[in-house]
Amino acid sequence: MTSETPHDATGFRTVLVANRGEIACRVIGTLRRLGVRSVAVFSDADAGARHVREADVAIRLGPAPAAQSYLDVDAVVAAAVATGADAVHPGYGFLSENPALARACERAGIAFVGPGVDALEAMADKLAAKSIVGARGVPVVPGAGEAGMSDDDLVAVAGAVGFPLLVKPSAGGGGKGMVVVRAADDLPGALASARRVAASSFGDDTLLLERLVEAPRHIEVQVLADTHGTVVHLGERECSLQRRHQKVVEEAPSPLLTPAQRARMGEAACEVARSVGYVGAGTVEFLVPAGSPDEFFFIEMNTRLQVEHPVTEMVTGLDLVELQLRVASGAPLGIAQDDVVLRGHAVEGRLYAESPERGFLPATGSVLVYDDDGVPSGPDAAPLRLDSGISAGAVVGGHYDPMLAKAVAWGETREHAVDRLDGLLARTVVLGVETNTAFLRSLLTDPDVRAGRLDTGLIDRLVASGAGDARAVAWVDLVAAALFVASSGGAEPGVVDRLAADSRDKPGFGGAGGAGDDDPWRVRDGWRLNAPAAARRVVLVDAAGDAHEVRVSGVARDAVVHLPARDDDGWESPGAPPHPVRASLVRDPGADGAWWLTVDGVRERVRLALDAPSAAGVPATVWLWRDGRTVALAAPDREQRAARARDDRRRARGDTPGATDPEVRAAMPGTVVTAVADGDPVAAGAVLVTVEAMKMEHPLLAPHDGVADVRVRPGDLVRRDQVVAVVHPHDSGAADPAAPVPQPDTQGAS
């Protein structure tokens, strides 16, 4: 459809979506259904991203850093003008709650799909917002803070707020920059960190303090309002399953509320919207104390579409993006409160690029295999829905939020919806980047989650207890990975590159069922002249750092695999003789990275991919999806195994009891935001370097007392496992600093 053809439902011909990832794809989907021309924007890091490909038109904003692209108001409005857009949809995050974008759109004669500037400003100042809604009889959480207050000013008023307290960016949302402070001594450091995150995420470092309500439920209400005086709510969402104040699993309706409580909270939310003349879609968030479920306290209003809006769409049957567009065009909302009927139950799980086994640190990499099992996206999808912003080949970097997709399921009952969501997560395949899928599935099986006994501290308690640790590797996983590696001759120098190329370019390869089987000189079966065939040795290292030696005889399509003997629990018995199993691995040409694995006569479909080394000394990684689980196994070559053995011996020979490794390494790729001075004396546990990745700060600590040899400076980009500092013990004498590690190029990261 051309930009000269208006759509009757919205009055808009062209809408620019000022966002990226899954929310940009989500909005573009509704625009396509309505016949409205869509414009995507992108940074250099996102030039080939999925949302760019799905839009009718795409235009560059700037370099990869968000401050120079997605947070640049002038660039966004200029892009809208250049592409003939008559409306801008901000999505969520980035500029979605920034009054500057709404003003700039107004000056340019472009509709802003969101509330007016006055409402944005009123609710952006979270302390002023509490005063406004409190005057309308809505209960609020005590707090302090206003624009212009310095860290010293906030420290001075903290006592009146009381500890424990919460530091929050005034302009923020999504949990970014929020820090729990339990003692006054910890407040200055928390304020400094929160300001940095607020400035980089929202372009505004204003902070506020809020009394911490321990272990509450987090329940929010979706509201809609038009310019004709209509204000309705679409029921509530339970968002209590959180980690680091970031929602992980959401559902609608809440299993806690009775119809009477729902009506009372819904009316309070509508009153909040009326208090600022709100227009558009918004969410009013409340805390419900664990010990007093009949009470609720207003904490903030998010003046935008929420990440978790799909669960509301699934239980109401409404398209919230379409309603946003209708209201922004000046049309009546078209529904009254009595028209809103909640049917069934919906649950959403957020799929993040992160490593639960490493404390949920953000993960990066290239998506080697992606399969959504054919599940559709958008508000018409039911009973399963998968809103995703990735595809095979996507690069997940450290510049933006780590959320990759949202898996949503609907059922007549809550139990049915939870079961369906678990099944959807099991069938969703992402290889090449660590995700929290296994953790989500474990969370959905927890008895408290199943029973609806939720609070915002539940996930932290489960993690502290060790629940959800999915690092264990099954012996069948080792069989599949060993066949995959051995079929290309093993992960020796030069062979890994060939394996990666073969697995991408050929329907079958080597001994795994490809054309190479016709050439006896290419079949990797261990054949030797006048001697028995040699078994190939494959060493696989799991996420816990444990090495597993597997030997493969024959070709992948007909092999005997020798594993350490299995005990009664189905796992390895140290020192026991290898246990042979008959196995085969044959390529399934029907899907990317798909293989048929047969072990002792049992056949199953698996997905496999190989991530070739990104730098010298880094082993290849075999990615495997099997039976709803994903594992990553390093496949070091002989030199890498020898280097690891030397490192283990060196650490075992520590000069003093309890000696620690003096090298401090980055746990993830990111940007250095603070670093101590080179040569400074430091104490064990002191912060040496702070790395920001995906809008979160991660401190790197001194392993022991000593002198800091710092290898990075603020502003430097670091890669995962890069040495950022070395702490020389006081009595050892500082060694000559090694040459700085070259910094990676930012182009192409995302």
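What counts as what
- Residues numbered from 1 in each chain as written.
- Predicted model: local features only at pLDDT ≥ 70, side-chain atom pairs only at ≥ 80, totals over all residues.
- Heavy atoms only, no water.
- Helix = DSSP H or I, 4+ residues; strand = E, 2+ residues; numbered from the N terminus.
- Buried < 20%, exposed > 50% of the residue type's maximum accessible area, 1.4 Å probe, protein only.
- Contact = heavy atoms within 4.5 Å.
- Areas by Shrake-Rupley, 256 points an atom, 1.4 Å probe, with all protein chains shown as cover.
- Pairing = 2+ DSSP bridges.
- Axes fitted to C-alpha atoms, helices over the stretch in contact; angles between N-to-C directions.
- Phe/Tyr/Trp six-rings, centres within 6.5 Å; stacked < 30°, edge-to-face > 60°.
- Salt bridge = Lys/Arg side-chain N within 4 Å of Asp/Glu carboxyl O.
- Core = buried A, V, L, I, M, F, W, Y, C linked by side-chain atoms within 4.5 Å.

What follows covers the overall build of the chain. In terms of regular secondary structure, the chain is built from 18 helices and 39 strands. Expressed as a percentage of its 750 residues, the buried residues of the chain come to 55%. The long-range share in the chain, meaning contacts at least 24 apart out of those at least 6 apart in sequence, stands at 62%. When the accessible surface of the chain is split by element, carbon and sulfur atoms take 52% of a total near 29,700 Å².

Relative to the assigned elements, Val560 resides in strand β26 (residues 558–564). The spacing of Val560 and Ala535 is 25 residues in sequence and 9.0 Å in space, taken between C-alpha atoms. For Val560, the residues in contact, after removing those within four places along its chain, are Arg551, Val552, Ser553, Pro580, Val581 and Arg582.

Another point: the environment of Ile335. One can find Ile335 in the loop between α11 (320–328) and β15 (345–352). The buried category is assigned to Ile335, whose relative accessible area is 18%. Sequence spacing of Ile335 and Val231 is 104 residues, and the spatial spacing of their C-alpha atoms is 9.5 Å. Ile335 has contacts with Thr230, Val232, Leu234, Leu318 and Val340, leaving out every residue within four places of it along the chain.

Before going further, it helps to spend a moment on the sheet that holds strand β10 (residues 217–225). Read from one edge of the open sheet, 8 strands run β14-β13-β10-β11-β12-β15-β22-β20, paired in antiparallel fashion. The open sheet has two free edges, formed respectively by β14 (297–302) and β20 (384–388), since each of these has just one partner strand. Strand-to-strand twist of the sheet, defined as the mean angle between neighbouring strand axes without regard to direction, takes the value 25°. Running at roughly 45° to β10, α11 makes contact with β10, β11 (231–243) and β13 (280–288) of the sheet.

On to the packing of aromatic side chains, then. Going through the model one piece at a time under the given rule, you end up with 6 aromatic pairs. With a centroid separation of 5.0 Å and an interplanar angle of 20°, the aromatic rings of Tyr70 and Phe94 are classed as stacked. Highlighted residues: Tyr70 in the loop between β3 (57–62) and α3 (73–82) and Phe94 in the loop between β4 (87–89) and α4 (99–107), separated in sequence by 24 residues. On the accessibility criterion, Tyr70 (1% relative accessible area) is buried.

All chains considered together, the criterion is met by 49 salt bridges. Glu22 is the partner of Lys406 in a salt bridge, and the nearest nitrogen-oxygen pair spans 3.3 Å. One end of the pair, Lys406, is in strand β22 (residues 403–411); the other, Glu22, is in helix α1 (residues 21–34), and 384 residues separate them in sequence. The residues Lys406 and Glu22 share a single accessibility class, namely buried. Residues Glu214 and Arg182 are paired through a salt bridge, measuring 2.8 Å at the closest nitrogen-oxygen approach. You can see Glu214 sitting in the loop between β9 (207–211) and β10 and its partner Arg182 sitting in the loop between β8 (179–181) and α8 (187–202), a full 32 residues away along the chain.

With 36 residues, the main nonpolar core has Leu241, Val249, Val367, Ile390, Leu421 and Leu443 as its most contacted residues. Every element with two or more residues in this core is listed here: β12 (246–252), β15, β20, β22, α12 (414–427), α13 (437–444) and α15 (458–464). Residues in contact with Val367, not counting those within four places in the same chain, are Ile390, Ser391, Ala392, Gly393, Ala394, Val396, Val430, Leu431 and Val433. Core analysis: the next-biggest nonpolar cluster, separate from the first, contains 35 residues, Val485, Ala486, Leu610 and Val622 among them.

Moving on, we get to the sheet that holds strand β39 (residues 723–728). With antiparallel pairing, the 4 strands of this open sheet are ordered in space as β32-β39-β37-β34. Strands at the two margins of the open sheet, each flanked by one partner only, are β32 (663–665) and β34 (681–682). Relative to strand β37 (residues 706–710), β34 is paired through 2 bridges, and the arrangement is antiparallel. By the bridge assignment, Val682 is partnered in β37 with Gly706.

What is shown is where atoms sit, not what they do.
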